[in-house]
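# Structural features, examined
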Amino acid sequence: MALTIGDTAPNFTAQTTQGEIDFHDWIGDNWAVLFSHPRDFTPVCTTELGYMASIKPDFDRRNVKIIAISTDPTDNHDKWAQDIAQFGGVPEYPIIADTDHAVAKAYGMLPADVAGDPTQRTPAQNATLRNVFVIGPDKKIKLVLIYPMTTGRNFDEVLRVIDSLQLTAEHQVATPAQWQKGDDVIIAGSVSDDQAKERYPDGWEQPLPYMRVVPAP
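Overview of the structure. These numbers come from a predicted model, not from an experiment.

### What to know about the packing of helix H2 (residues 43-61) against helix H3 (residues 74-84)
In contact at an axis separation of 9 Å, H2 and H3 are set at 80° when each is read in the N-to-C sense. The pairing of H2 with H3 is recorded here as roughly perpendicular in orientation. Residues Cys 45, Thr 46, Leu 49 and Gly 50 of H2 form the contact with H3, whose own contacting residues are Trp 80, Asp 83 and Ile 84. Tallied by class, the residues present in the contact of H2 with H3 amount to four nonpolar, two polar and one charged.

Spelled out as structure tokens, the structure:
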């Protein structure tokens, strides 16, 4: 079954390029981004892993750990890293070796009946391994994105969404279309006018009867 927002991210133990991890223990009190790849040595994924290597400090500043997953074994991951380095740097984040497809199945990215040697499957057979999951410190899924193999992922958008998720998790607000960090926000409908007056004594703009807009907290 496909996972959706609000579901608990399935825990697992797996081998990675940085050793064996227990996923929930690895996340700890941080946020996490898990992004999947159909096979190693695929061109679009190579550029994505390189870009993620280059912007890892942006995730670090937000208390977000990043982790990739492919069905190849770790020795292939290590060889792949040499190619990835040409597109942003060597990954300083773990890449999961999901050689038994267990994680892909647990996250609904491959059917339950997939079996056999992962290196004998083509990238096209694993085309559904193109997900991005953002997971909160509570281990709940906060965002799911799915991309086709022919379209590289926009990880700047993932950072933007994380800024929104972290802000709205702390304050009872919502972010409008095209919001960027520092832009005005919308007071959540769960906040009464009396509560809003206490929190925002300078008041708010009200372009519509059901919309109260304030500067970002």
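### Describing the environment of Glu 198
Along the chain, the position of Glu 198 falls in helix H6 (residues 193-199). Sequence separation of Glu 198 and Ile 66 is 132 residues, and the distance between their C-alpha atoms is 38 Å.

### Focus: unusual backbone geometry
Notably, Lys 139 is not glycine yet its phi reads approximately 70°, a positive angle. On the secondary structure map, Lys 139 appears in the loop between strand E6 (131-135) and strand E7 (141-146).

### Remarks on the nonpolar core
Judged by nonpolar contacts, the single largest core of 25 residues is most densely connected at Val 33, Phe 35, Met 52, Phe 59, Tyr 93, Val 134 and Val 158. Of all the elements in the fold, those that place two or more residues in this core are strand E3 (31-36), H2, strand E4 (64-70), H3, E6 and helix H5 (155-170). If near-sequence neighbours (up to four positions away) are discounted, Phe 59 is found in contact with Val 33, Met 52, Val 64, Ile 66, Phe 155, Val 158, Leu 159 and Ile 162. Of all hydrophobic cores here, the second largest spans 23 residues; its members include Leu 3, Leu 34, Val 114 and Ile 141.

### Digging into the packing of H2 against H5
Running from amino to carboxyl end, H2 crosses H5 at an angle of 30°, the nearest separation of the two axes being 10 Å. For the element pair H2 / H5, the angle class is roughly parallel. In this structure, H2 crosses over H5, and the sense of that crossing is right-handed. For the pair formed by H2 and H5, the contact residues are Glu 48, Tyr 51, Met 52, Ile 55, Asp 58 and Phe 59 on the first element and Phe 155, Asp 156, Val 158, Leu 159 and Ile 162 on the second. Here the contact of H2 with H5 is built from residues that sort into eight nonpolar, no polar and three charged.

### Structural notes on the pattern of salt bridges
Here the structure, examined in full by the defined rule, presents nine salt bridges. With a closest N to O distance of 2.5 Å, Asp 72 and Arg 39 form a salt bridge. With Asp 72 in the loop between E4 and H3 and Arg 39 in the loop between E3 and H2, the pair connects residues that are 33 residues apart, well separated along the chain. Each member of the pair, Asp 72 as well as Arg 39, carries the same accessibility label: buried. Linking Asp 60 and Lys 56 is a salt bridge whose minimum nitrogen-to-oxygen distance equals 3.1 Å.

### Side note on the packing of aromatic side chains
Taken as a whole and judged by the stated rule, the model has seven aromatic pairs. Pairing Phe 35 with Tyr 93 gives two aromatic rings, centres 6.0 Å apart and planes at 55°, and the pair type is tilted. Of this pair, Phe 35 sits in strand E3 while Tyr 93 sits in the loop between H3 and strand E5 (95-97), and the two are 58 residues apart along the sequence. This pair shows no difference in class: Phe 35 is buried, exactly as Tyr 93 is. For the ring pair Tyr 107 and Phe 133, a centre distance of 5.1 Å and an interplane angle of 65° mean the geometry is edge-to-face. Taken together, the positions of Tyr 107 in the loop between helix H4 (102-106) and E6 and Phe 133 in strand E6 put the pair 26 residues apart, joining distant regions of the chain. Residue classification places Tyr 107 among the buried positions, given a relative accessible area of 1%. Lys 65 extends its terminal NZ or CZ atom over the ring of Trp 26, reaching a point 4.7 Å from the ring centre. A cation over a ring is seen here: Arg 212 above Trp 204, with NZ or CZ 5.9 Å from the ring centre.

Calculation notes
- Residues numbered from 1 in each chain as written.
- Predicted model: local features only at pLDDT ≥ 70, side-chain atom pairs only at ≥ 80, totals over all residues.
- Heavy atoms only, no water.
- Axes fitted to C-alpha atoms, helices over the stretch in contact; angles between N-to-C directions.
- Helix = DSSP H or I, 4+ residues; strand = E, 2+ residues; numbered from the N terminus.
- Parallel < 35°, antiparallel > 145°, perpendicular 65-115°, else oblique.
- Contact = heavy atoms within 4.5 Å.
- Nonpolar A, V, L, I, M, F, W, Y, C, P; charged D, E, K, R; others polar.
- Core = buried A, V, L, I, M, F, W, Y, C linked by side-chain atoms within 4.5 Å.
- Buried < 20%, exposed > 50% of the residue type's maximum accessible area, 1.4 Å probe, protein only.
- Left-handed = near helix turned anticlockwise from the far one by under 90°.
- Salt bridge = Lys/Arg side-chain N within 4 Å of Asp/Glu carboxyl O.
- Phe/Tyr/Trp six-rings, centres within 6.5 Å; stacked < 30°, edge-to-face > 60°.
- Lys NZ or Arg CZ within 6 Å of the ring centre and 35° of its normal.

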